[in-house]
Amino acid sequence: MENGTVTENGQVYSVTSKNTPTTSSLHNFVGVKSRSAVYKKKDIYKRLSIVLAVLLVILFIAFIVALAEYIRASRMSAKLCVSEECLRSAANLKLSMDFSVNPCDDFYKFTCGRWSTEHPNHGWYPHFSSFETADEKVAISVMEFLNSNISSSYPLPVRQAKDLYVSCMDTDTLDRLGYTGIIKYLQKVHLPLIPSFFNETERANFKFDWIKVEVALKKVLAMDNFIGLLVDADIYNRSRNVIYMGAPDSPCPLPSPFKSAIKEKSTKKRDAEKNVEKEKRKAEAYKRIVKEVIKRFSLNVSSTVPNKVLMDEAANVIWNMTADLTELADINSTNSDLQFYKFKIDELQKLSDAYVAKNNLSSKVSWRRYVTLMFENVPNVTLELNSTDYIYVPLEEVNYLPEVAAYLSSVSDLYLELYMWWITAYSMILSTTTEMTDLVQRESEQIVSSTVSRSRSLDCASLVINFMGVAVSYGIVDKTFMSSTKPKVDIMLNDIKSAFTERVQQLSWMDKDTKHATLEKSKEMVSFIGFPEWLMDEEVLEEYYANITMRNDTFLENMMSMVTQFTPTELESLRDETERTWKTDPTTVNAYNYFSDNSITVPIAILTHPFYHLGLEVLNYGAIGSILGHELTHGFDNIGRRFDKFGNYKQWWSNTTIETFENKSQCFIKQYGNFTLSSIEQKVDGQRTLGENLADNGGLHHAYLAYKNVVKKMGEEPKLPGFQAFSNMQLFFIAYGSIWCESIDPESLKSQLENDEHCPSSLRVIGTLQNSHEFSEAFKCPLGSNMNPNKERCRIW
């Protein structure tokens, strides 16, 4: 817009304006009788006639103007959406936007400039966004449902979810039970009640079978410790499941405040010189937790406390091993090849033994024994390690297994047992006494960003969601969803697929055969919307949660009833084919593209305000539509494009098309790699974030094309109250920007830049819209403005 900006009501106004000329006032012709009136009588009549005529003309014009305005206002009123959904959307947008910002300068600030004020972070999250607002609503809904009177008429799993919640809330019983649950499971995983490290008589010539314990931890606590093991679809042939090994990737599913903090440790360690004091505070806090847990547990078990010197040494050992192993597993790869090496078990052993010997060590690692023990007594599975069974190892993790073998071979058995004891006890400690929970939460303020605790009722509701998300969905979902909302979302997704098809057919950089194969994959892509169709079938629901037991007074035992089934169920699937089906709970506020399934999953939790049910389709397509487009595009990003329509990892594009795609991708890598966040003076990694950036850009464009096609078929929609001066195409982009509004502290922002494959939300909006010609056209952004830079636009999809 030339020499102008946008006001709060969306009108364009000029910087300079002309003053309206003033008019002289009318004379009062109805005056008091005077001496000269008789002599001017004829003149007065003449003048009165002229004035009356003028007045009649003015009144007529005013009437016409008023009538026109009335008709216009009536038409506008008839075309104004005043539904509850529209009014809510209008209010939410109006209060979140900063109309003092020129949308062509910074569209994120224009759309989200006041969002943080209107949506204050309670401190429960390191960063707070539109996604967290929806997540809170789910937690509150579940909490209210679990606090209600759940009668015996509900399916058993729903009543069991209530028992889990009640047992979580029953702190008196937790305090009374103390650490008895931990004692039981230490014995199950072949660990002593008190580490041998503290037993003077056992220290000499101590031997420890760490492999036996590592396997037990995986089977009982579903926890990767030194080694990551997974049974999943063969990446090259999804009709069968195979064994994957590499760096640990599955933390214990029980509650822990350190799941994110410890993961961040690797990047912080590289910056240790810049954050010496901060790292020192973290180390000391962690060590205090270690010593206090050991002290209280020892008092409970043996009524004695280890001496201070040994306690200090134990805390140092555990802290150093935690840091070493985290650093060892820090595989910060930007490789998109997803190449896996297929090893015979003896080949993997030779590789490890050679590396261990190179470091002048004697190996404590037998990969054959580890895998054999893992599958011991697993029904219907007989390993064929000498013939058909291979170990699949990701290319970037091939070095990890020999390196961890060398590390474990260098650590004394006494230290290994101490560390594994700590990992086991600590994984369960937050499910015991309130005294221990308070201690850990108090000390963790030095370690994690979020230091504000929620009410226990909300925490317990969230825990039930994590463990029994499908069961609680039965109680809170809209029972009319399948007949009301789901068909509309299906139509939207099909519209977006049609827009994708339209786009692919127009591409000049893709050859004919590759286009055909790409469109075949899009057609074959299945979608799971809302929740599983069997959710309301009580028999199927009960079968889904078969073999679990719940009581309302055994919190840790309730969770372990489920956790102990995770790994055995996975191991039993080795000879099966992975089904294309739901792989997340309906309560998850997110959406997914599973490459190996060639599927999109959109849980019901994200099909709500502020992503959906926004009153106008332009808002729905701009918000959830761009997310659906994002997930669709993931199937054809730098990684997804390597999986064919069946979900097999193979080359199905021509060499020429691949080369062109890679060249065009460089534009995105360069564009996003040049973004710097001034608050932390750090740049985005354009290579690591490439897949998400491609999905953002393609998803927005496909949703935009889909909505344009909707308008062609259905006509223009009504206006949004308070936004009458904005075109519907402008509203589309406003809806898109609004879903990425967030508040984030500098530490979390820095961690995101270092670890996350997603850009910070502000840059997701700015980067995507800088590449959108349609956006610049909608807001008339002049060439050379920040949102319409005078440089090549990046575009693939």
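Residues numbered from 1 in each chain as written. Predicted model: local features only at pLDDT ≥ 70, side-chain atom pairs only at ≥ 80, totals over all residues. Heavy atoms only, no water.

Trainee: Quick rundown of the side chain of threonine 633? Include the residues and the values.
Mentor: Note that threonine 633 resides in helix H24 (residues 617-634). Owing to a relative accessible area of 0%, threonine 633 belongs among the buried residues under this scheme. Within polar-contact distance, the side chain of threonine 633 engages the backbone oxygen of glycine 629 at 2.7 Å. Those residues in contact with threonine 633 that lie beyond four places of it in its chain are Leu694, Ala695, Gly698, Gly699, His702 and Trp797. (Helix = DSSP H or I, 4+ residues; strand = E, 2+ residues; numbered from the N terminus. Buried < 20%, exposed > 50% of the residue type's maximum accessible area, 1.4 Å probe, protein only. Polar contact = N/O pair within 3.5 Å; in protein donor to acceptor, adjacent residues only side chain to side chain. Contact = heavy atoms within 4.5 Å.)

Trainee: Can you lay out the sheet that holds strand E9 (residues 592-594) for me, pointing to particular residues and giving the numbers?
Mentor: Strand order across the open sheet formed by three strands is E8-E10-E9, with mixed pairing between neighbours. The outermost strands of the open sheet, each flanked by one partner alone, are strand E8 (526-530) and E9. The sheet shows a mean angle of 15° between the axes of neighbouring strands, direction not considered. Sitting on the sheet, helix H20 (residues 481-506) is in contact with E8 and strand E10 (599-603), with an inclination near 140° to E8. (Pairing = 2+ DSSP bridges. Axes fitted to C-alpha atoms, helices over the stretch in contact; angles between N-to-C directions.)

Trainee: Let's hear about the packing of aromatic side chains: which residues, and what values?
Mentor: Taken as a whole and assessed by the stated rule, the structure comprises 52 aromatic pairs. Judged by centre distance (6.4 Å) and plane angle (15°), the ring pair of phenylalanine 206 and phenylalanine 208 falls under stacked. Per residue, the accessibility class of phenylalanine 206 equals that of phenylalanine 208, and both read buried. Aromatic side chains phenylalanine 723 and phenylalanine 726 sit 5.7 Å apart centroid to centroid with 45° between the ring planes, which places their arrangement in the tilted category. Each member of the pair phenylalanine 723 and phenylalanine 726 is classed as buried. What links up through ring pairs into an aromatic cluster is the set Phe99, Phe107, Phe110, Tyr704, Phe723, Phe726, Phe732, Phe733, Phe775 and Phe779. (Phe/Tyr/Trp six-rings, centres within 6.5 Å; stacked < 30°, edge-to-face > 60°.)

Trainee: Let's hear about the pattern of salt bridges: which residues, and what values?
Mentor: In the structure shown here, the tally under the stated rule is 25 salt bridges. A salt bridge links lysine 184 to glutamate 557; its shortest N-O distance comes to 2.8 Å. Placement of the pair is lysine 184 in helix H8 (residues 180-188) and glutamate 557 in helix H23 (residues 555-572), with a sequence separation of 373 residues. Judged by relative accessible area, lysine 184 falls into the partly exposed class, the value being 35%. The exposure class assigned to glutamate 557 is partly exposed, which follows from its relative accessible area of 29%. Across the pair lysine 750 and glutamate 754 runs a salt bridge, and its minimum N-O distance is 2.8 Å. You can see lysine 750 and its partner glutamate 754 sitting in helix H28 (residues 746-755), four residues apart, about one turn around the helix. Given the relative accessible area of 22%, lysine 750 is considered partly exposed. Through salt bridges with shared partners, a single ionic network connects Arg238, Lys583 and Asp597. (Salt bridge = Lys/Arg side-chain N within 4 Å of Asp/Glu carboxyl O.)

Trainee: Mind laying out the confidence of the model for the chain, listing which residues take part and the relevant values?
Mentor: Overall, the prediction assigns the chain a mean pLDDT of 87, with 86% of residues at 70 or greater. Model confidence for the chain, summarised as mean pLDDT per element, is weakest for strand E2 (residues 12-14) at 29 and strongest for H24 at 98. The model gives residues 1-48 a pLDDT under 50, and that stretch makes 30 contacts with residues more than four places away or in other chains. Ignoring residues within four places in sequence, the model shows residues 260-270, a span with pLDDT below 50, making 26 contacts including any to other chains. (pLDDT = per-residue confidence, 0-100.)

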